[in-house]
Amino acid sequence: MSIDYKYLSELLFPDVTMTEEELLAKYPPRNLPEGAKVTRFAPSPTGFVHFGGLFPTLVSERLAHQSGGVFYLRIEDTDSRREVEGAAGALVKTLAHYGIHFDEGVTVDGEAGDYGPYKQSERADIYHVFAKRLVAEGRAYPVFSTDAELEEIKTADKKAELKAVNWETDADSRREAMLARRNFTVEDVERELAAGHKFALFAIAEGDGTRKRKVNDLVRGDLLLPENDEDVVLLKSDGIPTYHFAHVVDDHLMGTTHVVRGEEWLPSLPKHLQLFSYMGWKPPKYIHISQIMRQDADGSKKKLSKRDMGANLDDYSRLGYSPRVVIEYVMTLLNSNFEEWRAQNPDRDYTEFPFNVKKMSSSGCLFDMKKLDDVAKNVISRMSAEDVYAQLCGWAEKFEPDFARRLSDKDYALQIISIGRGGKKPRKDYGTWVELYNYMSPFYDETFAVEDEYPENVSRADIKSALTSFADSYDENDDAGAWFEKIKSICAPLGYCADMKEYRANPDAYKGSVADVSMMIRVAVTGRLNSPDLYTVMHILGRERSISRIRDMINKL
Ligand code: GLU
């Protein structure tokens, strides 16, 4: 029986008065230079920002900004059950903390840009214009049932996408159900609408699931995926679109040239391409990013799941990773030649790196805390002391308020942070603000503690007399050379060798070396067996503090 689709479309969407042409006129092609890319970050505001989310975000940002294009933020809040109040605002702030800025979309100060609204929940009217057109063309049809039933259909579809081949029998019954849904009369629709029932809208699938079609992913290359033979839900019964429909409509209207998204969307790509073709629009180019993996102690690889350390971006703030460290780390994982470039360009901003999609790996990146820590130490070692100080203060205010108060003596803090900074081979003592806090503890009386013990084999009497001689002869006006000569002169009377070369040649002739004597002083002054250059440390601490710590130690021994 033939259906008057035009009539059906009026019946289903009586409120849609705008024509497609009128609507499209509001979204003219963007006026951008040749080759400029338009990309977006399109999160669902669930309140959880996964570390893995930085990967598509950074790729999108680089592609756009490197080419003089546009990078925008679209909030995909079509699933109200998953939405968390205030999550969108928090997300924008988090990304800004990572130095990721949007040219358009939802920003910290509201919306910016001419291609909005950028919140899907505010775009219902727009989707309906196109939905109506698909109905009028006989490509979409209504299904009157509850959302719970639709949810079931959708989950079955999702599973089917993943397991299409092995689900023959089930696929048959699903197919039957699908064909039954397509079978209706205009009178049925009129009756349902008159009864006040709501409908979901499905797009008819025209593909043949047994045939494969070539699709392209910029990183994975050409792939063969089964044609889409599952009717796609376009609108849910509240009139809100599904991801599939919203993706096609929004990315077309907003002029997206490259869609970078998680690989979980790859199986849906045939659906999306089909919808683009129904609409008569050119699809964007796609990059599907693999899940981030982590390696277990036994060597097996698993997805970095929500509960894993490092999965939540908030973890990084708490642990005191500079956002720049995190970004640098993501860059090393994203482009295989980034580290090489960094070695040659230690002082350049990562945005100067020529990011290249071809250097991306198509298999999942491996999350490695150790590697992150290496990157962290490198990045922090190249920062200016002022920069480190400012970031450290930000962290301390949030997580260590007492320390933040101590940091208000900026000159003092800067002296500590400046140790071994600058020059060709800067020191790499710390990679996080937690580590720096720990590194700085000996410099403040409130946190100074003798954490390390003197080794058992060193005589307490020797330590006492070495400390006494040192304290008696200490002159803070000595330069490093004179200072060290004094330590050397303590050695011989105690039976320690002042010359390292000689000591190595004949170790049995001595109780120890000048290194051991230095260690005795170091533990007294810093409370630790390891510290940065002791001469510098003592200068920062000042005579009074250094010598009183040495005297305290003498009394304790
Ligand atoms: N809202 C989708 C998600 O969070 C976006 C995917 C896309 O970028 O198209 O997975």
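Rules of the game
Within each chain, residue numbers correspond to sequence positions counted from 1 in written order. Given that the model is predicted, a residue must reach a pLDDT of at least 70 before its local features are reported, and side-chain atom pairs must reach 80 or more before they are shown or counted; all residues, however, enter totals for whole chains, interfaces and linings. Calculated side-chain values reflect all of the structure's heavy atoms, with hydrogen atoms and water omitted. The rule is simple: take the accessible area with a 1.4 Å probe, protein chains only, and divide by the maximum for that residue type; under 20% is buried, over 50% is exposed, in between is partly exposed. Every helix listed is a DSSP run of H or I at least four residues long, and every strand listed is a run of E at least two residues long, numbered separately from the N terminus. Handedness of a crossover is defined as follows: with both strands directed away from the viewer, a clockwise route from the first strand across the helix to the second makes it right-handed. Only four residue types enter the charge count: Lys and Arg as positive, Asp and Glu as negative, with His and the chain ends excluded. Only one rule defines a salt bridge in this text: a Lys or Arg side-chain nitrogen within 4 Å of an Asp or Glu carboxyl oxygen. Only heavy atoms matter for contacts: two residues are in contact if any of them lie within 4.5 Å across the pair. Definition of nearness: a residue and a molecule or strand are near each other if at least one heavy atom of the residue lies within 4 Å of the molecule or strand. Side-chain atoms alone can form a polar contact between residues adjacent in sequence; in general such a contact is a pair of N or O atoms within 3.5 Å, and within protein one must be able to donate a hydrogen while the other accepts it. The classification used treats Ala, Val, Leu, Ile, Met, Phe, Trp, Tyr, Cys and Pro as nonpolar, Asp, Glu, Lys and Arg as charged, and all other residues, Gly among them, as polar. To get an axis, a line is fitted to the C-alpha atoms, and for a helix only the part in contact is used. The angle between two axes follows their N-to-C directions and goes from 0 to 180 degrees. Working rule for angles: under 35 degrees goes down as roughly parallel, over 145 as roughly antiparallel, 65 to 115 as roughly perpendicular, anything else as oblique. Helix crossings get a hand from a simple test, with the near helix turned counterclockwise from the far one by less than a right angle marking a left-handed crossing and a clockwise turn marking a right-handed one. Only Phe, Tyr and Trp rings are paired, with Trp represented by its six-membered ring, and only when their centres lie within 6.5 Å; those with planes under 30 degrees apart are stacked, over 60 edge-to-face, the remainder tilted. Counted as over-ring charges are cases with an Arg CZ or a Lys NZ within 6 Å of the ring centre that also lie within 35 degrees of the ring normal. Paired strands, in this sense, are two strands between which DSSP finds at least two bridges. A residue's pLDDT is the predictor's confidence in that residue, given on a scale from 0 to 100.

Caption draft 1: Layout of the pairing of strand β2 (residues 70–73). Where burial is concerned, the two faces of β2 agree: the one with Val70 and Tyr72 and the one with Phe71 and Leu73 are both buried. On the question of chirality, the crossover connecting strand β1 (residues 38–41) to the parallel β2 by way of helix α3 (residues 54–66) is right-handed.

Caption draft 2: Inspection of the side chain of arginine 522 at higher detail. Tracing the backbone shows arginine 522 in helix α22 (residues 514–526). Comment: no salt bridge for buried arginine 522; closest opposite-charge side chain is aspartate 533, at 6.8 Å. When sequence neighbours within four positions are dropped, the list of residues in contact with arginine 522 reads Gly527, Arg528, Leu529, Asn530, Ser531, Pro532 and Leu534.

Caption draft 3: Here's a closer look at the site of the ligand. For the ligand, the full set of nearby residues is Arg40, Ala42, Ser44, Glu76, Tyr243, Val260, Arg261 and Trp265. Here an oxygen atom of the ligand sits 2.7 Å away from a polar atom, N or O, in the side chain of arginine 40. Serine 44 is positioned with one of its side-chain polar atoms (N or O) 3.2 Å from a nitrogen atom of the ligand. In terms of residue class, the shell around the ligand is made up of four nonpolar, one polar and three charged.

Caption draft 4: A look at helix α10 (residues 269–279). Counting buried residues in α10 gives 10 out of 11 residues, a clear majority hidden from the surface. Taken together, the buried positions of α10 are Leu269, Pro270, Lys271, His272, Leu273, Gln274, Leu275, Phe276, Tyr278 and Met279. Of the residues flanking the end of α10, it is glycine 280, one or two places downstream, whose phi is positive at about 80°.

Caption draft 5: Looking closely at the packing of helix α12 (residues 323–334) against helix α14 (residues 369–381). The contact between α12 and α14 brings their axes to 9 Å, and the two run at 125°. Judged by the inter-axis angle, α12 sits oblique to α14. Crossing handedness for the pair α12 and α14: right-handed. Residues Val325, Glu328, Tyr329 and Thr332 of α12 pack against Lys371, Leu372, Val375, Ala376, Val379 and Ile380 of α14. Here the residues of the contact of α12 with α14 are counted per class, giving seven nonpolar, one polar and two charged.

Caption draft 6: Broad picture of the packing of aromatic side chains. Scanning the model with the defined rule gives 29 aromatic pairs in all. Ring geometry for tryptophan 395 and tyrosine 437: centres 6.2 Å apart, planes at 55°, overall tilted. In this pair, tryptophan 395 sits in helix α15 (residues 385–399) while tyrosine 437 sits in helix α18 (residues 433–440), placing the two residues 42 residues apart along the sequence. Judged by centre distance (5.6 Å) and plane angle (40°), the rings of phenylalanine 470 and tyrosine 474 are tilted. Its relative accessible area of 5% is what places tyrosine 474 among the buried residues. Three or more aromatic residues joined by ring pairs make a cluster, and in this case those are Phe51, Phe55, Tyr316, Tyr321, Tyr329 and Phe367. Above the face of the phenylalanine 448 ring, arginine 549 is positioned so that its terminal group lies 3.7 Å from the ring centre.

Caption draft 7: Layout of the pairing of β1. Side chains of β1 alternate between two faces, with Val38 and Arg40 and Thr39 and Phe41 buried alike. As paired strands, β1 and β2 are joined by four bridges and run parallel to one another. Looking across to β2, one finds that phenylalanine 41 is bridged to leucine 73.

Caption draft 8: View of the confidence of the model for the protein. Averaged over all residues, the pLDDT of the protein is 91; the fraction at 70 or higher stands at 94%. A low-confidence stretch, residues 160–169 stays under pLDDT 50, and its non-local contacts, those more than four residues away or across chains, total nine contacts.

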